[in-house]
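Take a look at the letters that make up each chain.
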Amino acid sequence: QEQPVESGGGLVQPGGSLRLSCEAPGSHFIRNAMGWYRQPPGKQRELVASIVAGSGGDTWYGDSVLGRFAISRDNAKNTMYLQMNSLKPEDTAVYYCNTLTRYYSWGQGTQVTVSF
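Below or above, wherever it landed, is the structure these notes cover. (Residues numbered from 1 in each chain as written. Predicted model: local features only at pLDDT ≥ 70, side-chain atom pairs only at ≥ 80, totals over all residues. Heavy atoms only, no water.)

1. Details of the overall build of the chain
Argument step 1. Helix and strand counts for the chain come out as one helix and ten strands.
Argument step 2. From first element to last, N terminus to C terminus, the chain shows the α and β order β-β-β-α-β-β-β-β-β-β-β.
Argument step 3. Scaling as 2.2 N^0.38, a compact globule of 116 residues should have a C-alpha radius of gyration of about 13 Å, and the chain matches this with 13 Å.
Argument step 4. Viewed in the frame of its principal axes, the chain has a C-alpha envelope of about 40 × 30 × 20 Å.
Argument step 5. Within the chain, buried positions represent 46% of all 116 residues.
Argument step 6. Looking at the chain alone, contacts between residues at least 24 apart form 55% of all its contacts between residues at least 6 apart.
Argument step 7. Only carbon and sulfur atoms are counted for the fraction: they give 48% of the accessible area of the chain, which is about 5900 Å².
Argument step 8. Averaging the positions of the 10 positive and the 9 negative side-chain charges in the chain gives two centres separated by 1 Å. (Helix = DSSP H or I, 4+ residues; strand = E, 2+ residues; numbered from the N terminus. Rg over C-alpha atoms; globule rule 2.2 N^0.38 Å. Buried < 20%, exposed > 50% of the residue type's maximum accessible area, 1.4 Å probe, protein only. Contact = heavy atoms within 4.5 Å. Areas by Shrake-Rupley, 256 points an atom, 1.4 Å probe, with all protein chains shown as cover. Lys, Arg positive; Asp, Glu negative; His and termini not counted. Charge placed at Lys NZ, Arg CZ, Asp CG, Glu CD.)

The following block contains the structure:
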């Protein structure tokens, strides 16, 4: 089954920045709204940002990341990005990408750890 590949995570100090990438297979990526999800340790996976299909660019952000994260997509590359600024310890999680209907099988995710 089709599965995206997330990358770009790592260990960063509070206040730092990271840029995550999501490469998604097939034509489904271009035709669908996409989202970044995260799963903190011991908690459920949650949607943190989304972007509409096509090149319209309309976006949505969860309250906890609004003003700090920016989602974007490059349809020519079947790739979506998440620019994360002013990172906080509570942003520590495994980050995943998927459509808003969760069409793809979940990938491995990419670990983001915010700590001194």
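There is more to say, and it comes next.
2. Let's talk about the sheet that holds strand β4 (residues 34-39)
Argument step 1. Within the open sheet, the six strands sit side by side as β2-β10-β9-β4-β5-β6. Their pairing is mixed. Both outer strands of the open sheet, β2 (10-12) and β6 (59-61), are each paired with one neighbouring strand and no more. Averaged over all neighbouring strand pairs, the angle between strand axes comes to 25°, with direction disregarded.
Argument step 2. Sheet topology places β4 next to strand β5 (residues 46-51); five bridges connect them, and they run antiparallel. Bridging across to β5, Gly35 finds its partner in Ser50. (Pairing = 2+ DSSP bridges. Axes fitted to C-alpha atoms, helices over the stretch in contact; angles between N-to-C directions.)

3. So, the packing of aromatic side chains
Argument step 1. All chains considered together, the criterion is met by three aromatic pairs.
Argument step 2. For the ring pair Tyr37 and Trp106, a centre distance of 5.1 Å and an interplane angle of 85° mean the geometry is edge-to-face. Highlighted residues: Tyr37 in strand β4 and Trp106 in the loop between β9 (93-99) and β10 (110-114), separated in sequence by 69 residues.
Argument step 3. Looking at Trp106, the relative accessible area reads 24%, which means it is partly exposed. (Phe/Tyr/Trp six-rings, centres within 6.5 Å; stacked < 30°, edge-to-face > 60°.)

4. Focus: the pairing of β10
Argument step 1. Judged by which residues are buried, β10 turns out to be one-sided: Thr110, Val112 and Val114 face inward and are buried, whereas Gln111 and Thr113, on the alternate face, are not.
Argument step 2. Here β2 runs beside β10; their pairing, made up of three bridges, is parallel. Counterpart to Leu11 in the pairing with β10 is Thr113.
Argument step 3. With three bridges joining them, β9 and β10 adopt antiparallel strand pairing. By the bridge assignment for β10, Val94 is matched with Gln111.

5. Some words on the side chain of Thr99
Argument step 1. Note on placement: Thr99 falls in strand β9.
Argument step 2. On the basis of relative accessibility, which here comes to 1%, the residue Thr99 falls in the buried class.
Argument step 3. Polar side-chain contacts of Thr99 include one of 3.1 Å to the side chain of Thr101. (Polar contact = N/O pair within 3.5 Å; in protein donor to acceptor, adjacent residues only side chain to side chain.)

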